[in-house]
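Examination of the molecular architecture
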Amino acid sequence: EYGDMNEFEMRLVIPDGKTSLYYVAQAGFVLKSKRGTTMGVDLYLTDCVERYDGFKRLSTKVMGAETPLDYVIASHWHLDHFDIDAMPILMSNGRTKLICADDCHDHVKNLNLDERRVQYIKNGDSITCDDIIVHAVFCDHGTDAPLAIGIVFDVDGYKIYIAGDTALRLDKAPEVAKSGPFDIMIAPINGAFGNLNEKENIELCSYHHPQLSIPCHFWTFGEQHGDPGMWMELMKKKLPEQRYKILAPGEQLILDAKE
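Thresholds applied
- Residues numbered from 1 in each chain as written.
- Predicted model: local features only at pLDDT ≥ 70, side-chain atom pairs only at ≥ 80, totals over all residues.
- Heavy atoms only, no water.
- Helix = DSSP H or I, 4+ residues; strand = E, 2+ residues; numbered from the N terminus.
- Rg over C-alpha atoms; globule rule 2.2 N^0.38 Å.
- Lys, Arg positive; Asp, Glu negative; His and termini not counted.
- Charge placed at Lys NZ, Arg CZ, Asp CG, Glu CD.
- 1 Å grid on protein atoms, 1.4 Å probe; cavity = no way out; pocket = protein on both sides within 12 Å on 5 of 7 lines; lining within 4 Å.
- Points joined across faces, edges and corners; volume = space filled by probe spheres on them.
- Disulfide = S-S within 2.5 Å.
- Pairing = 2+ DSSP bridges.
- Axes fitted to C-alpha atoms, helices over the stretch in contact; angles between N-to-C directions.
- Contact = heavy atoms within 4.5 Å.
- Phe/Tyr/Trp six-rings, centres within 6.5 Å; stacked < 30°, edge-to-face > 60°.
- Buried < 20%, exposed > 50% of the residue type's maximum accessible area, 1.4 Å probe, protein only.
- Lys NZ or Arg CZ within 6 Å of the ring centre and 35° of its normal.

**Observations regarding the overall build of the protein chain**
Across its full length, the protein chain holds 7 helices and 13 strands. The C-alpha radius of gyration computed for the protein chain amounts to 17 Å, which stays within 12% of the reference 18 Å derived for 259 residues, consistent with globular compactness. Here the protein chain carries 26 positive and 40 negative side-chain charges, and the mean point of each set is 4 Å from the other.

Put into structure tokens, the structure is as follows:
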């Protein structure tokens, strides 16, 4: 019935009545609500970064750009968050809607994407996407991407905070915390190009005290570093009561299971 779909794509298409989160490697995730609304966030699905910037992809590809999604979000213009090879395919079905940071205008124009299905979002904005509410929150990705955003999702009674590509800015944490408290916090650990490293990730976690902490932005490019093993050991030492989970590419987390 589902033809040549891989297991990852089938799980997205078949509604199971549970809130699910899928890790797509790097900083990419797909969120699925109980009603079956699917939202891809910062999906890097191809090798376009190697072609343009010379960074070879090391992580496996677990999702095709043909996967049907209701929404796609790009937190900023960098190619491992706005995949310029995958985005036209993701949008080609005539149904998927794109939500992206204000610095993505050039990509949308150059790719000739359907502007009627594109909405730009900046810090402080909120958008209702069917049964998921998307809040854009502060992040600091440096002067190369000053319009980058973090994202908080309200879905099925859960609040999921994706910090985005950001440096440690505890002075801005109270502003972000207004959108909490958070059931899940997802933040980078690569410590390169203006992002949190393992120690800084745990400092941010210590401030927000999410129910579950998940690291991202590691093992995709050799140049970007990030050691989940080191992060885990630091977590055990610094925040022994904190629940955490390291996801493998393609792994599914069912929130209703209270994992």
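That covers the picture; the talk isn't over yet.
**Regarding empty space enclosed by the protein**
Gaps left between atoms are located by rolling a probe of water-molecule size over the structure's atoms. Per the stated rule, a full pass over the model turns up 3 cavities of 30 Å³ or more. Taken as a whole, the largest cavity spans an internal volume of roughly 90 Å³. Of all elements in the fold, only helix 5 (173-177) and helix 6 (198-208) reach the threshold of two or more residues within the lining of the largest cavity.

**Points about the state of the cysteines**
Applying the stated criterion to the full structure yields 0 disulfides. The closest cysteine sulfur to the non-disulfide-bonded Cys48 is located on Cys104, 13 Å from its own sulfur. Among the cysteines around Cys100, which has no disulfide bond, Cys104 carries the closest sulfur, lying 4.5 Å off.

**Observations regarding the sheet that holds strand 7 (residues 126-129)**
Taken in spatial order, the 6 strands of this open sheet run 7-8-9-10-11-12, and their pairing is mixed. The sheet is open, and its two borders are formed by strand 7 and strand 12 (212-216), each paired with just one other strand. On average, adjacent strands in this sheet sit at an angle of 20 degrees to one another, irrespective of strand direction. Relative to strand 9 (residues 150-155), strand 8 (residues 132-137) is paired through 6 bridges, and the arrangement is antiparallel. Looking across to strand 9, one finds that Ala136 is bridged to Ile151. Contacts from helix 6 reach strand 10 (158-162), strand 11 (184-188) and strand 12 within the one sheet, and its direction differs from that of strand 11 by about 160 degrees.

**Overview of the packing of aromatic side chains**
Counted according to the given criterion, the structure contains 8 aromatic pairs. Each ring, one from Phe55 and one from Phe193, has its centre 5.8 Å from the other, and the planes form 50 degrees; the classification is tilted. Placement of Phe55 in the loop between helix 2 (48-53) and strand 4 (71-74) and of Phe193 in the loop between strand 11 and helix 6 is noted, with a sequence separation of 138 residues between them. Ring geometry for Phe218 against Trp219: centres 5.5 Å apart, planes inclined by 80 degrees, an arrangement best described as edge-to-face. Residue classification places Trp219 among the exposed positions, given a relative accessible area of 58%. Here a set of aromatic residues connected by ring pairs shows up, and it is made of Tyr23, Phe29, Phe218 and Trp219. The residue whose ring lies beneath Lys172 is Phe138, and the NZ or CZ to ring-centre distance is 5.4 Å.

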